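Inside the fold
Single-letter residue listing:
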Amino acid sequence: MTTTLEKLEILPLSPTIGAEIRGVDLSQPLDDRTVSAIKVAWHDHIVLLFRDQDIDTEQQIAFAEHFGDVGTRSRPAERRPEGADYNASIMLVSNIKKDGEYIGSLPDGEMWFHHDMCYDRAPHKGTFLYAMELPSTGGNTLFANMYAAYEVLSDETKERIKGQRALQIYDFATREVVDISGDIAKYKHEIQPVAITHPVTGKKALYVNPLITARIEDWPEDESRALLDELFTFGENPDIIYEHEWREGDLIMWDNWCSCHARTDFPASERRMLRRCTVKGQPLYE
Ligand SMILES: [Fe+2]
């Protein structure tokens, strides 16, 4: 199928976040006008879904390259279960085992809301996730619109978080934040604004999440905990969330600066594999 701008359709997936893009075959080269239209839709809808795609690793990376420099992973050589198939730009999200070892990362279970790479000085802007093998039920991804999460805060809360910064720290767990009472040097971490200004859209977005945000910088622990717990209630606000039930052949690209995402549980006895790459970002504060 040749993609032309005339065939492109944009159908919202929920009132506040997500749109399905139809009329695009990601296995084929895309012309500049189509790429431009997808970029506009991405900034409008934050999460874009492309159904029924049949793409290999190179085609996925070629598509992502339209939106930035494709990121590479820092995983050390001895922890590369993909073996000879290892590609520094690709992460498999999978519970499948080969010779007793997981072939990918983040294998099983529920995963709390998080922004990918918010513990990095320059968090990657976009994540591209392609569904290859899925369980019969569960493993859905929830996406939260963090512009909307910021917008619904009271004026008083907006004033309280103005200029505040938070510690983002990660140890690759899925359902608990790092215990920061000990030495945190061994974990990836970064101080980030509690609310960021999106570098492209110029809009404010809440930039904290229950999996990676450990503390409001320079606040007493109890006050920090109380504020974070209040801010984390976005994860229970259905008005700003789209829950995606994956189908094989789905590719979803999302903006990590203004959304966060979570995963629902699924049967550990069933195979699940998705292929992920990212595009690099920039620092979100001076
Ligand atoms: Fe993630």
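1. Topic: the overall build of the protein chain
The number of helices and strands found in the protein chain is five helices and 18 strands. On C-alpha atoms alone, the protein chain measures out to a radius of gyration of 19 Å, which is about the 19 Å that the 2.2 N^0.38 rule sets for 286 residues. Its C-alpha atoms give the protein chain principal-axis dimensions of about 55 × 45 × 35 Å. For the protein chain, the residues scored as buried account for 41% of the 286 residues in total. Taking the intrachain contacts of the protein chain between residues at least 6 apart in sequence as the baseline, contacts between residues at least 24 apart amount to 77%.

2. Re helix α2 (residues 57–64)
Along α2, the residues classified as buried are Q60, F63 and A64. Seen end-on, α2 carries its buried residues on one side only, within an arc spanning 100°.

3. Some words on the environment of G249
Positionally, G249 belongs in the loop between β15 (241–244) and β16 (251–255). A residue is classified by how many C-beta atoms lie within 10 Å of it, and G249, with 15 of them, is partly exposed. For G249 and Y130, which are 119 residues apart along the polypeptide, the C-alpha to C-alpha distance reads 6.7 Å. Leave out the neighbours within four places in its chain, and G249 touches R51, D52, Q53, D54 and A131.

4. With respect to the pairing of strand β9 (residues 141–145)
In terms of burial, β9 is largely enclosed, as four of its five residues are buried. Where β9 meets β15, four bridges bridge the pair, whose relative direction is antiparallel. Across the sheet, the residue bridging to T141 is H244, located in β15. Examined bridge by bridge, β9 and strand β17 (residues 259–263) share five bridges and lie antiparallel to one another. Across the sheet, residue T141 finds its bridge partner in β17, namely R263.

5. A look at unusual backbone geometry
With the exception of glycine, most residues fall at negative phi, and the peptide bonds are largely trans. Even without glycine at this site, D99 takes up a positive phi of about 50°. Topologically, D99 is positioned in the loop between β5 (97–98) and β6 (101–102). Exposure remark for D99: the 7 C-beta atoms within 10 Å place this residue in the exposed category. Positive phi, normally seen in glycine, also occurs at L106, with a value near 45°. Examined against the element boundaries, L106 turns out to sit in the loop between β6 and β7 (111–114).

6. Looking at the sheet that holds strand β14 (residues 213–216)
The strand order β11-β10-β14 describes an open sheet built from three strands, whose pairing is antiparallel. The sheet terminates laterally at β11 (188–193) and β14, the two strands that pair on one side only. Here the average twist between neighbouring strands, direction ignored, is 25°. Note that strand β10 (residues 165–170) and β14 share three bridges and pair antiparallel.

7. Re the pairing of strand β8 (residues 126–133)
Most of β8 sits out of view: six of its eight residues are buried. Pairing analysis gives five bridges linking β8 to β16, with the strands arranged antiparallel. From the neighbouring strand, F128 faces β16, where its bridge partner is M253. Pairing between β8 and strand β18 (residues 273–279): seven bridges, direction antiparallel. Bridging from a neighbouring strand, A131 pairs with L274 of β18.

8. A short note on the sheet that holds β17
Backbone hydrogen bonds hold the strands of a sheet together, and the pairing may be parallel or antiparallel. Here four strands make up an open sheet; going across it, the order is β7-β17-β9-β15 and the pairing antiparallel. Strands with a single pairing partner mark the edges of an open sheet, and in this sheet they are β7 and β15. Between one strand axis and the next, the sheet turns by 15° as a mean value, whatever way the strands run.

Scoring rules and cut-offs
Residues numbered from 1 in each chain as written. Predicted model: local features only at pLDDT ≥ 70, side-chain atom pairs only at ≥ 80, totals over all residues. Helix = DSSP H or I, 4+ residues; strand = E, 2+ residues; numbered from the N terminus. Rg over C-alpha atoms; globule rule 2.2 N^0.38 Å. Buried ≥ 20, exposed ≤ 12 C-beta atoms within 10 Å, placed from the backbone. Contact = placed C-beta atoms within 7 Å. Arc of directions from axis to C-beta. Pairing = 2+ DSSP bridges. Axes fitted to C-alpha atoms, helices over the stretch in contact; angles between N-to-C directions.

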